[in-house]
Amino acid sequence: FKILVLNGPNLNMLGKREPQIYGAQTLTEIIEQLAEKALSMDISLSHVQSNAEHTLIDAIHQGFGEIDFIIINPAAFTHTSVALRDALLSVAIPFIEVHLSNVHARESFRHHSYFSDIATGVICGLGAKGYDYALDAAYHLLKPGKN
Ligand code: DQA
């Protein structure tokens, strides 16, 4: 299987950025661990982090007909981006939305997501482990004879 991991704006600052909310691990560490796990599951994992909406949209378009599943933390674009939502709809690749923090326990502007109603599932509040759980879930959804 081919899985694309997408991380939105400011997630390149993980480790330095509000560690009490987002944890001490850097994005590089999180993705390295995830890639190792993927390798052991025979999954080919690609990763794109960008602070620019269009780069994330382009990465989604490039996944058309290529990528089996997307794991996305849209970061602040979660609460703003119709364009990113439309990109995911345009390629019709199933995806899981991940947030490190529990967005529902935070400011009210973080309670609405442009992605949750079209996602296969949503994981939030479980820190970096959320990406691991998403990978497990994607694998179980993709493999034949699921359930
Ligand atoms: C986030 C939550 C968003 O509200 C915020 O803008 C982020 C990170 C999270 O992973 O908890 O940048 O997506």
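Small disclaimer: the values here were computed from a predicted structure and weren't measured.

Another aspect to go through is the UniProt feature "active site" (unreviewed entry) in the chain. Under the UniProt annotation, "active site" (unreviewed entry) lies at Tyr22 and His99. These residues run over 78 residues, yet every pair of their C-alpha atoms falls within 9.2 Å of each other. Using a count of 20 C-beta atoms within 10 Å as the deciding quantity, one classes tyrosine 22 as buried. Leave out the neighbours within four places in its chain, and tyrosine 22 touches Leu14, Arg17, Leu100 and Ser101.

If you look at the biggest cluster of nonpolar residues, it comprises 36 residues, and the most contacted ones within it are Ile3, Ile70, Ile71, Phe95, Tyr131 and Ala134. Within the residue set of this core, elements represented by two or more residues are β1 (2-7), α2 (27-40), α3 (53-62), β3 (69-73), α4 (82-91), β4 (95-99), β5 (121-124) and α5 (129-142). In contact with alanine 134, not counting residues within four places along its chain, are Ile71, Ile96, Val98 and Ile123.

Per the UniProt record, "binding site: substrate" (unreviewed entry) is annotated on Asn73, His79, Asp86, Leu100, Ser101 and Arg110. The greatest C-alpha distance among the residues just named is 24.3 Å, and with 38 residues of sequence between them they are spread in space as well. Within the fold, leucine 100 resides in the loop between β4 and β5. Given 23 C-beta atoms within a 10 Å radius, leucine 100 is considered buried.

Right, let's get into the sheet that holds β5. Spatially, β2-β1-β3-β4-β5 is the arrangement adopted by the five strands of the open sheet, whose pairing is parallel. Each having just a single partner strand, β2 (44-49) and β5 make up the two edges of the open sheet. Strand after strand, the sheet turns through a mean of 15° between neighbouring axes, direction not considered. Both β4 and β5 contribute to a ladder of four bridges, which runs parallel.

Thresholds, definitions, all that
Residues numbered from 1 in each chain as written. Predicted model: local features only at pLDDT ≥ 70, side-chain atom pairs only at ≥ 80, totals over all residues. UniProt positions renumbered as here; feature names shortened; annotations may be inferred. Buried ≥ 20, exposed ≤ 12 C-beta atoms within 10 Å, placed from the backbone. Contact = placed C-beta atoms within 7 Å. Core = buried A, V, L, I, M, F, W, Y, C linked by C-beta atoms within 7 Å. Helix = DSSP H or I, 4+ residues; strand = E, 2+ residues; numbered from the N terminus. Pairing = 2+ DSSP bridges. Axes fitted to C-alpha atoms, helices over the stretch in contact; angles between N-to-C directions.

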